[in-house]
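Structural overview for review
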Amino acid sequence: MEFTNTNKLKNLIVVGDRLLLKPTKHDSKTKGGLLLPAGYKEKEEVQSGYVIKVGPGYPIPLPADDADEPWKQSDEKIKYIPLQAQEGDLAIFMQKGAVEIIFPGVY
């Protein structure tokens with residue numbers, strides 16, 4: 001089996017209410033023509049990026065009243081409240097709340 005960019009991302013699982021974002025590239029020059037040092041824009045608190053993968057959403061807890069009714073089957077699957085974001089959306093995020101990962105060989 002040959003690994004491609006899309007194939008590698010299919011193996012990546014995003015859990016819970018998390019998103020996988022690809023940050024947008026920033027210009028290395030200002031409007032006036034000044035060159036900005038490497039890493040300047042990455043230090044800003046608010047950044048933007050495109051949504052690559054979306055987790056299942058917020059988990060809904062199972063009802064606690066199953067303990068007094070042992071005849072009920074407890075093979076219910078966990079239910080989720082889906083997220084509003086979808087793949088391909090442009091998202092704005094806070095750098096403080098982000099976790100940076102590098103997935104080898106993708107993008």
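Quick note: structure is the one above.
Figured I'd write up the structure that's included with this text. (Residues numbered from 1 in each chain as written. Predicted model: local features only at pLDDT ≥ 70, side-chain atom pairs only at ≥ 80, totals over all residues. Heavy atoms only, no water.)

1. Points about the overall build of the chain
The following threshold applies: Helix numbers and strand numbers start at the N terminus; a helix is a DSSP run of H or I with at least 4 residues, a strand a run of E with at least 2. Using the Shrake-Rupley algorithm and a 1.4 Å probe, accessible areas are obtained, with residue cover drawn only from the displayed protein chains.
The helix and strand tally for the chain stands at one helix and five strands. Traced from its N-terminal end to its C-terminal end, the chain shows the element sequence α-β-β-β-β-β. Summed over all atoms, the accessible surface of the chain reaches about 9300 Å², with 57% contributed by carbon and sulfur.

2. Some thoughts on the sheet that holds strand β2 (residues 46–54)
Keep this limit in mind: Whether two strands pair depends on DSSP finding at least two bridges between them. With axes taken as lines fitted to C-alpha atoms, and helix axes fitted only over the stretch in contact, angles between N-to-C directions fall between 0 and 180 degrees.
In space, the three strands of this open sheet follow the order β1-β2-β5, with antiparallel pairing throughout. Strand pairing shows two members of the sheet lacking a second neighbour, β1 (19–23) and β5 (90–94), which therefore form its edges. The average undirected angle you get between the axes of adjacent strands in this sheet is 55°. Across five bridges, β1 lies against β2 in antiparallel orientation. Bridged to Lys22 within β2 is Tyr50.

3. With respect to the environment of Leu19
Defined as follows: Throughout this description, buried means an accessible area under 20% of the type-specific maximum (1.4 Å probe, protein chains only), exposed means over 50%, and partly exposed covers the range between. Two residues qualify as a contact provided that any one of their heavy atoms is within 4.5 Å of a heavy atom in the partner residue.
Within the fold, Leu19 resides in strand β1. With relative accessibility at 35%, the residue Leu19 sits in the partly exposed group. Spatially, the C-alpha atom of Leu19 lies 8.3 Å from that of Ala85, the residues being 66 residues apart in sequence. If we skip the residues at most four places from it in the chain, Leu19 touches Val14, Val51, Lys53, Val54, Leu83 and Ala85.

4. Things to note about the side chain of Lys53
Put simply, the test is: Charge assignment in this entry is limited to Lys and Arg as positive and Asp and Glu as negative, and neither His nor the chain termini are counted. Basic side-chain nitrogens of Lys or Arg form a salt bridge, by our definition, when they fall within 4 Å of a carboxyl oxygen of Asp or Glu. Nitrogen and oxygen atoms within 3.5 Å of one another constitute a polar contact, given that in protein one can donate a hydrogen and the other can accept it, and given that sequence-neighbouring residues count only through two side-chain atoms.
Examined against the element boundaries, Lys53 turns out to sit in strand β2. At 6.2 Å, Glu87 is the nearest oppositely charged side chain to Lys53, a buried residue that forms no salt bridge. Within the structure, the side chain of Lys53 is placed 2.6 Å from the backbone oxygen of Leu12, a separation counted as a polar contact. Ignoring any residue separated from it by four or fewer positions in sequence, one finds Lys53 in contact with Leu9, Lys10, Leu12, Val14, Leu19, Leu20 and Glu87.

5. What to know about the pairing of β2
Taken together, the five bridges between β2 and β5 define a ladder with antiparallel strand orientation. By the bridge assignment for β5, Tyr50 is matched with Leu90.

6. Observations concerning the environment of Gly16
Relative to the assigned elements, Gly16 resides in the loop between α1 (5–11) and β1. By relative accessible area, which is 23% here, Gly16 ends up partly exposed. Residues Gly16 and Val54 lie 38 residues apart in sequence; the distance between their C-alpha atoms is 8.8 Å. Aside from chain neighbours lying at most four places away, what touches Gly16 is Gly55, Pro56 and Gly57.

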